[in-house]
Amino acid sequence: MKNIFLLLFLGAFACVGQAQGEYALADASKMTISGSSTVHDWVVAANTVSATLTYDGTAPKQIDLEVAVADIISERGATMDKKMHDALKKEEHPKVTFKLTEVKDKSTLLGMLNIAGVEKTVEIPVSMNTVSEGLKISGEKKLILQDYGMEPPTAMFGQIIVGDEVTVIFDLIFSKQ
């Protein structure tokens, strides 16, 4: 009987050990930022997102995410991109970063978000699901530009003004390394 219990215990421990590990962001991951202006709503894509995740089979233990500001691109052309990159202070702060500090109740990530050189603690509501690749984390977070020392961009001599609130929408798929 002791041997059977020991075998079951070791088997369970081996399964947990297999679930733990390092994961990297898969190419199928997506992140967009949407907002409004006095003329139209807009959406831009974060085209270069990199992240690593340490996962224990039940919840992330560590997430380090970086978004290259230069590769946040709109469909509206170079003028909008330049204004957006200037607002994000691309030259001084070429990356937006997020570092996980805590997982609350498996549906909220707590972490440090750094945008344009300003770092703040944020709570991000998420859904986490195991997928064939590993783990999918999806959600959205509303942010106020001025909270990060950013002035909403303007165009046409101030006639077009970007709204101060943006929404980051993400579907991040992490696969085992």
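Residues numbered from 1 in each chain as written. Predicted model: local features only at pLDDT ≥ 70, side-chain atom pairs only at ≥ 80, totals over all residues. Heavy atoms only, no water.

**Section: the overall build of the chain**
- Per the secondary structure count, the chain includes two helices and 13 strands.
- When the 177 residues of the chain are sorted by exposure, 39% land in the buried category.
- When the accessible surface of the chain is split by element, carbon and sulfur atoms take 57% of a total near 10,400 Å². (Helix = DSSP H or I, 4+ residues; strand = E, 2+ residues; numbered from the N terminus. Buried < 20%, exposed > 50% of the residue type's maximum accessible area, 1.4 Å probe, protein only. Areas by Shrake-Rupley, 256 points an atom, 1.4 Å probe, with all protein chains shown as cover.)

**Comments concerning the nonpolar core**
- With 42 residues, the main nonpolar core has Phe 98, Ile 115 and Ile 137 as its most contacted residues.
- Of the residues forming this core, the biggest block, five residues, is contributed by strand 13 (residues 165-176).
- Those residues in contact with Ile 137, other than ones at most four positions away along the chain, are Leu 53, Pro 60, Ile 63, Leu 109, Val 126, Ser 127, Met 128, Phe 170, Asp 171, Leu 172 and Phe 174. (Core = buried A, V, L, I, M, F, W, Y, C linked by side-chain atoms within 4.5 Å. Contact = heavy atoms within 4.5 Å.)

**Some words on the pattern of salt bridges**
- Under the definition given, this model contains six salt bridges.
- For Asp 86, the salt bridge is made with Lys 82, and the minimal N-O distance between the two is 2.9 Å. Residue Asp 86 and its partner Lys 82 are both found in helix 2 (residues 78-87); the two are separated by four residues, about one turn of the helix.
- The class for Lys 82 is exposed, based on a relative accessible area of 52%.
- Glu 91 serves as the salt-bridge partner of Lys 90, at 3.8 Å between the closest nitrogen and oxygen.
- Take Lys 90: its relative accessible area is 25%, and that puts it in the partly exposed class.
- Owing to a relative accessible area of 67%, Glu 91 belongs among the exposed residues under this scheme. (Salt bridge = Lys/Arg side-chain N within 4 Å of Asp/Glu carboxyl O.)

**Digging into the side chain of Ser 29**
- The residue Ser 29 is located in the loop between strand 1 (21-25) and strand 2 (30-36) in this model.
- Polar side-chain contacts of Ser 29 include one of 2.8 Å to the backbone nitrogen of Ile 173. (Polar contact = N/O pair within 3.5 Å; in protein donor to acceptor, adjacent residues only side chain to side chain.)

**As for the confidence of the model for the chain**
- A residue-level look at the chain finds 84% of positions with pLDDT of 70 or above and a mean pLDDT of 85.
- Mean pLDDT per element in the chain: helix 1 (residues 2-19) is the minimum at 43, and strand 8 (residues 108-115) is the maximum at 97.
- Per-residue pLDDT stays below 50 along residues 1-18; that stretch engages in one contact with residues further than four places along the chain or on separate chains. (pLDDT = per-residue confidence, 0-100.)

**Observations concerning the packing of aromatic side chains**
- Tallied over the full model, the rule gives one aromatic pair.
- An angle of 85° between the planes, with centres 5.6 Å apart, marks the rings of Tyr 23 and Tyr 55 as edge-to-face. Within this pair, whereas Tyr 23 is found in strand 1, its partner Tyr 55 is found in strand 4 (residues 49-55), the two being separated by 32 residues in sequence. (Phe/Tyr/Trp six-rings, centres within 6.5 Å; stacked < 30°, edge-to-face > 60°.)

**Here's the deal with the environment of Asp 71**
- One can find Asp 71 in the loop between strand 5 (60-68) and strand 6 (72-74).
- By relative accessible area, Asp 71 is classed as partly exposed at 30%.
- Considered as a pair, Asp 71 and Ala 45 are 26 residues apart in the sequence and their alpha carbons are 8.1 Å apart.
- Not counting the four nearest positions on each side in its chain, Asp 71 is found in contact with Ala 45, Ala 46, Asn 47 and Thr 48.

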